[in-house]
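# Observations on the model geometry
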Amino acid sequence: MAMAYQQKLAEKLTILNDRGTGVLLRMNYIKKTCLDPKLRPQYLTDKTMEASVKYINKKFPNIDFRGNSQQYLVGIQKHKSEVMAAMSSYYDSFIDVMEFRDHVYELLNTIDACQCFFNIAVNFDFTKNYLELIITYISVIVMLSRVEDKKVLVGMYNCAHEMSNGSSDPAYPRLAQMFMEYEQPIKKLTEEFGPHTKGVTEALLSLQMLYPRRNLPAEQWRSAQLLSLLSAPASMLDPACCDTMACEYLSLEVMERWILLGYLLCHSSLNTNQSSQELWKMALRSGLYLTIIRDETINIHKITEDYFDGLKGYSKRIADIKECREHVIVNSGAMHRERRGFLRNALKELVKVLEDEPGLLGPKVLFVFMALSFSRDEVLWLVRYSENIPKTKTPEDYVDSYMAELLFYMERLRTLMTKYSRVVQRYHVQYLAQFDALLLNDTMQNMYVCPEEESVLMTSFVSTLSALTIKQVENGEEFDFRALRLDWLRLQAYTSVSKAPLSLKEYPDLAKVMNMTQFHTKMLDNVQEMLHETSDLSILCFYPRVFEKMFSQSSEEVSMQRYLMSFPLACSHFNQTVHPLCPEEKRSLRLCVTFLEEIAKQTSSVILEICSEQCNLNDQLLPKHCGQTISAARNKKQKKQTPKKGDVQREKPGTESQRKDRAIVTNMDKLHLTLTELCSSFSGSSDFTVFNHIVTPAEFLISHLETRLTKIIVRMAHYNQTTQEIGRPSDLLAGIRAYTASLHTLSRYLSLDVTRLVKNVLLQQTQPLDSYGGQTITTLYTNWYLEGLLRQASSNLIVHCPAMHCFVNQTIENEQSFRAEEYSDISEMQALAELIGPYGLKFLSENLMWHITSQVGELKKLVIENMDVLVQMRANFDKPEAMANLQKRLPGENVLKRMTIIGVILSFRAMAQDTLEDVTLTVFELASAAGLNCDIDPALVAALASMRTDNSSVDEEYKLTCLLLVYIAVSLPILALDPNSYYSRHYGGHHNNIHCLATAINQLSAAMFTVESKNIEQHLKEFLLVRDLDALSLKRSCSFWYIVEASPFLSQDMLESCFPYVLLRNAYREVYKNYIITLG
């Protein structure tokens, strides 16, 4: 007994199991690294090392560092320090394997020497840890044998070590010997485990009652109403407990791994013990593959058959293997399919009951862990076989398009356990203090033998449990029973050795009470660890293709769409894959992001399709479609001829909502049903964590909607750059309003900030480019108005119409591709302003200013070309004869044409600015952006100021400006000779847009003199004075009146001093009567 105390079997089992898991992960990581060309160590792929690698592989382990062999190791010699640094982590990992093997040897021999007793139903933790250590050790050795480059990695390190230090690494000989021994791992392992056959067989045989009971077909589960809380309503509040609490949620896959690998190494008992043989055959019938670690599996049937084939007396066992293999191929797929079908319904019922009555989580919490464990086993079985489908007539058994539902209810159970953890704690703290403590105390009193060490442990158990109160839960105290559970494991070790004063197998009641108590303590401090133990799906991280395929299959089922969020939620389990001994393992959010992107894509497609349908319906109600209805009503009233029978009657808006039978399902019905299903998946979880990243599913949906809505709005503009066609701003605005109204209905389905979404999208449309660098409606409409409308206006094909505040087409033979008034009247300009907003209009204004500055640049060139003449005319403006002679030398048409173009552009800009009055950045900029009129245009001032270069002087620029005004003034008489200069009362302007000259002269002069800091009023007055009194014409008089009327700097008094009012009145009368009015 003293030996059992001193050997610390419980502590060593716990430590070695954790260490073994880390070493196993290291071996898996090294294998994956060496197989991946991107991650493979540099010195294994380096051309200069190729000879060294081949030599080490050939000569391992006896590598000669002297003589002729040096020529093969030159590469290592040159880079010995770098090679040692690069290979040290791999070398140390293999040393860890060797040390782990030594410790396992030692512990297994000690356990055999102590003749320990194993029974999963009695000393559960001791037996489980013992079997887990054996399986972990086997897995480590198998993975070691799968590392193909292990000899090169160790050999290169040792070569570099000897070259650097003059001697081999001390551990190298033993490490090399281990590699050679495990060339055939199964054969060597069976030799090692020969002495441990008795202990391993005893532990495995303790499963002969548990494993068959757990490994039942779905029919028997169904007949027993497994996991149902409603099957026995009278006992619904009774606590769910049994003699083997922990055995009820022990993984079936884990038990199969114990049985098949255990009997593979201790195979002699298969021929001597009938119970062992039956248990082994039952496990063989469950499947072909076992998981070693992550996505590494072994074909247990093939490995066992190959090994037994070399042994004498195992022909019957080989026949058993073949029989079991056939059974698996024929029956296994269907059996597991039926199990998954049963579990989907069982978990659904369990979730519904517990959501309605969460208080039942207290007495029935065992049902939750059983349900999670059973479901996890089935999920992992399908994952394992999805990439290893056997040749069968029913491959569909290995495909499950309803996996999303099972995963969903697993996640719901986990969520319920976390959400109502206080409920579980309140129940079990009372259970432990008022039942378990008393029962354990009574059990102790009835024991006739109780040594001091055991007595101290059990007394501490009772005192710890008795001190618990419900106030600890109410006060939010943190519980920690890890010490108690470790003490119970110690007690199991003490009482499981041969000749122990207190033998646990003689006191099964003690084992039952303590196993139940241990489960109850976990409900207070270890619920999350229990959830991890029973429902961890982190292995899906290492089967990305299978996981993606499952998602794809589920997403194709309409009934599964509400459960699709379970796939990204399952990615939150990936956090559990991290181990301190292998922090280098790749961690990626790719799978989670892929699933969320696809769900968001599907949802946004449905949402926007509904919006499109609603937009089409809304379009039918627009005034532009009412003409036919009005015409039909008028014909009916006037009793005109009705349409013939063959004519197709246009359906009135609203007929799509009329139906004679509710069973008729429309496309909109289907879309809303699909939307309801998809939105249900988003409402399940607001956020979750994957690899320390907080993931918010709704943001993926918002991002997708934002991207697609941006493209849709641009597409709705119907812009064709080739034909210069575009949709009317009012039509686009109506479409956007219809989309926005439909998007706001999303709030009925899930909590989504639609207002933020729409604002972000529309705000991007006010910029030249969106967040993805694509063109926006601001750019499209700016380009179209500049290239489509204003270019034609500059050619007099389109006329600015002040009377109607729009542009109109000239009546010419060639039919225009669009009607200018339909794009430039007040309602369309208001719609444009609402679409692109102040920022968009600012961009439009900047582009207009660029065109104006181009014209100003050309005007300045004309002034420079005619500088001498203009200087003389400015000096002799009061000498008619000199002016007449000078004017003949001055070409005037070009300057007026360019000034007219500037006027047209400024008139259009004024129309656009006027529409911003209802929308509310220096003071002039703020006023201009708000649509308020300014005497001096700030945008034009900024544009003209940007034209100035470092070489140009202020005086020179000022002179050019003055001469430009002279040039314009003396060129105005030419307008009287143009036949297109006649006035139209209907348009309120001239057919060649010369009425826009007033706007151009006033705004351009004001801006230019502002840039040069000169007096605007004084120079405009000088402009009026520069006139040719002999060439006065009626039309020119009108032109000057336009200029004064549109100018904030000139008054009628100034005009009167230059042009008598009588002259102006006669000019107006003459112009006005030339316009012929045609009635009818």
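What counts and how
Residues numbered from 1 in each chain as written. Predicted model: local features only at pLDDT ≥ 70, side-chain atom pairs only at ≥ 80, totals over all residues. Heavy atoms only, no water. Helix = DSSP H or I, 4+ residues; strand = E, 2+ residues; numbered from the N terminus. Buried < 20%, exposed > 50% of the residue type's maximum accessible area, 1.4 Å probe, protein only. Areas by Shrake-Rupley, 256 points an atom, 1.4 Å probe, with all protein chains shown as cover. Core = buried A, V, L, I, M, F, W, Y, C linked by side-chain atoms within 4.5 Å. Contact = heavy atoms within 4.5 Å. Pairing = 2+ DSSP bridges. Phe/Tyr/Trp six-rings, centres within 6.5 Å; stacked < 30°, edge-to-face > 60°. Arc of directions from axis to C-beta. Salt bridge = Lys/Arg side-chain N within 4 Å of Asp/Glu carboxyl O. Axes fitted to C-alpha atoms, helices over the stretch in contact; angles between N-to-C directions. Parallel < 35°, antiparallel > 145°, perpendicular 65-115°, else oblique. Nonpolar A, V, L, I, M, F, W, Y, C, P; charged D, E, K, R; others polar. Polar contact = N/O pair within 3.5 Å; in protein donor to acceptor, adjacent residues only side chain to side chain. Left-handed = near helix turned anticlockwise from the far one by under 90°. Disulfide = S-S within 2.5 Å. pLDDT = per-residue confidence, 0-100.

Turning to the overall build of the chain, a few remarks are in order. On a plain count of helices and strands, the chain comes out with 49 helices and 8 strands. Out of the 1080 residues in the chain, the part that is buried amounts to 53%. Taken as a whole, the chain presents about 50000 Å² of accessible surface, with 51% of it coming from carbon and sulfur.

On to the nonpolar core, then. Phe94, Met156, Leu207, Trp258, Phe547 and Phe807 are the most contacted members of the largest nonpolar core, which has 305 residues in total. The residues contacting Phe547, other than those within four sequence positions of it, are Leu407, Leu540, Phe567, Ala570, Cys571, Phe574, Leu591 and Phe595. Judged by nonpolar contacts, the second largest core, of 30 residues, contains Leu465, Val473, Phe479 and Leu502.

With that out of the way, let us pick up unusual backbone geometry. That bond from Phe60 to Pro61 is cis: its omega, 5 degrees, falls within 30 degrees of zero. Along the chain, Pro61 falls in the loop between helix H4 (50–59) and helix H5 (74–78). You will see that Gln225, though not glycine, has its phi angle at about 50 degrees, which is positive. One can find Gln225 in the loop between helix H13 (218–223) and helix H14 (245–248). Gln225 gets classed as partly exposed once you look at its relative accessible area, which sits at 43%. Not every positive phi belongs to a glycine, and Asn796 is a case in point at roughly 65 degrees. As for its position among the elements, Asn796 is in the loop between helix H36 (777–794) and strand E5 (798–801).

Among the 5 residues that make up strand E1 (residues 289–293), 5 are buried, leaving the element largely enclosed by the rest of the structure. The loop that links E1 with its antiparallel partner strand E2 (residues 296–299) comprises 2 residues; one of these, Arg294, has a positive phi angle of about 50 degrees.

The next thing to look at is the packing of aromatic side chains. Scanning all chains against the criterion turns up 41 aromatic pairs. Geometrically, the ring pair formed by Trp784 and Tyr785 is edge-to-face, given 5.0 Å between the ring centres and 85 degrees between the ring planes. Judged by relative accessible area, Tyr785 falls into the buried class, the value being 0%. In this structure an aromatic cluster arises from ring pairing among Tyr781, Trp784, Tyr785, Phe807, Phe818, Tyr823 and Phe908.

All of the buried residues in helix H10 (residues 185–192) are Pro185, Ile186, Leu189, Thr190 and Glu192. Around the axis of H10, the buried residues are gathered within 155 degrees of arc, so they sit on the same side.

All told, the structure shown has 46 salt bridges when counted by the stated rule. In this structure, Arg337 and Glu338 form a salt bridge, with 3.2 Å as the shortest nitrogen-oxygen distance. Between Arg728 and Glu828 there is a salt bridge, with the nearest N and O atoms lying 2.8 Å from each other. Taken together, the residues Arg728 in the loop between helix H33 (697–716) and helix H34 (729–743) and Glu828 in helix H38 (residues 826–865) connect sequence positions 100 residues apart. Look at Arg728 and you get partly exposed, because its relative accessible area is 24%. Classification of Glu828 as buried rests on a relative accessible area of 1%.

This part is about the side chain of Thr291. Looking at where Thr291 falls in the secondary structure, it is placed in strand E1. Here Thr291 is in contact with Glu253, Arg257, Glu296, Thr297, Arg384 and Ile539, once residues within four sequence places are set aside.

It is worth spelling out the packing of helix H2 (residues 9–35) against helix H25 (residues 482–494) at this point. Where H2 contacts H25, the axes come no closer than 8 Å and their chain directions differ by 120 degrees. Put simply, H2 runs oblique to H25. Facing H2, whose interface residues are Leu9, Ala10, Glu11 and Thr14, H25 presents Leu486, Leu489, Arg490 and Ala493. Split into classes, the residues belonging to the contact of H2 with H25 amount to 5 nonpolar, 1 polar and 2 charged.

On to the environment of Trp221. Its place among the elements puts Trp221 in helix H13. For Trp221, the residues in contact, after removing those within four places along its chain, are Arg214, Leu216, Leu226, Arg339, Phe342, Leu343 and Phe374.

Counting through the fold element by element, Ser538 comes out in the loop between helix H27 (527–535) and helix H28 (544–555). For Ser538, the side chain forms a polar contact with the side chain of Asp536, separated by 2.9 Å. The residues touching Ser538, leaving out its near neighbours within four places in the chain, are His573, Phe574, Gln576 and Thr577.

Our next topic: the environment of Val546. When you line up the elements, Val546 lands in helix H28. Taking the C-alpha atoms as reference points, Val546 and Val383, separated by 163 residues in sequence, lie 6.5 Å from one another. In contact with Val546, not counting residues within four places along its chain, are Val383, Ser386 and Glu387.

A separate point is the packing of helix H11 (residues 197–205) against helix H15 (residues 252–265). Two elements in contact, H11 and H15, have axes separated by 10 Å at closest approach and are oriented at 155 degrees. Viewed along their axes, H11 and H15 adopt a mutual orientation that is roughly antiparallel. Crossing of H11 over H15 shows left-handed handedness. Only Trp258, Ile259, Gly262 and Tyr263 of H15 make contact with H11, whose side of the interface consists of Val200, Thr201, Leu204 and Leu205. Taken together, the residues that form the contact of H11 with H15 break down as 6 nonpolar, 2 polar and no charged.

As for its position among the elements, Gly287 is in the loop between helix H17 (274–284) and E1. For Gly287, the residues in contact, after removing those within four places along its chain, are Ile300, His301, Val328 and Tyr385.

Another aspect to go through is the pairing of E5. By the alternation rule, side chains of E5 split into Ile798 and His800 and Val799 and Cys801, which are all buried. Where E5 folds back onto strand E6 (residues 806–809) in an antiparallel hairpin, the turn is made up of 4 residues, including His805, whose phi is positive at roughly 55 degrees.

Inspection of the entire model under this criterion finds 0 disulfides. The structure places no disulfide on Cys242, whose sulfur is separated from the nearest cysteine sulfur, that of Cys241, by 7.1 Å.

Another point: the confidence of the model for the chain. For the chain, per-residue confidence averages 86 on the pLDDT scale, and 88% of positions sit at 70 or higher. By mean pLDDT, helix H42 (residues 923–929) is the weakest element of the chain at 50, and helix H7 (residues 124–146) is the strongest at 97.

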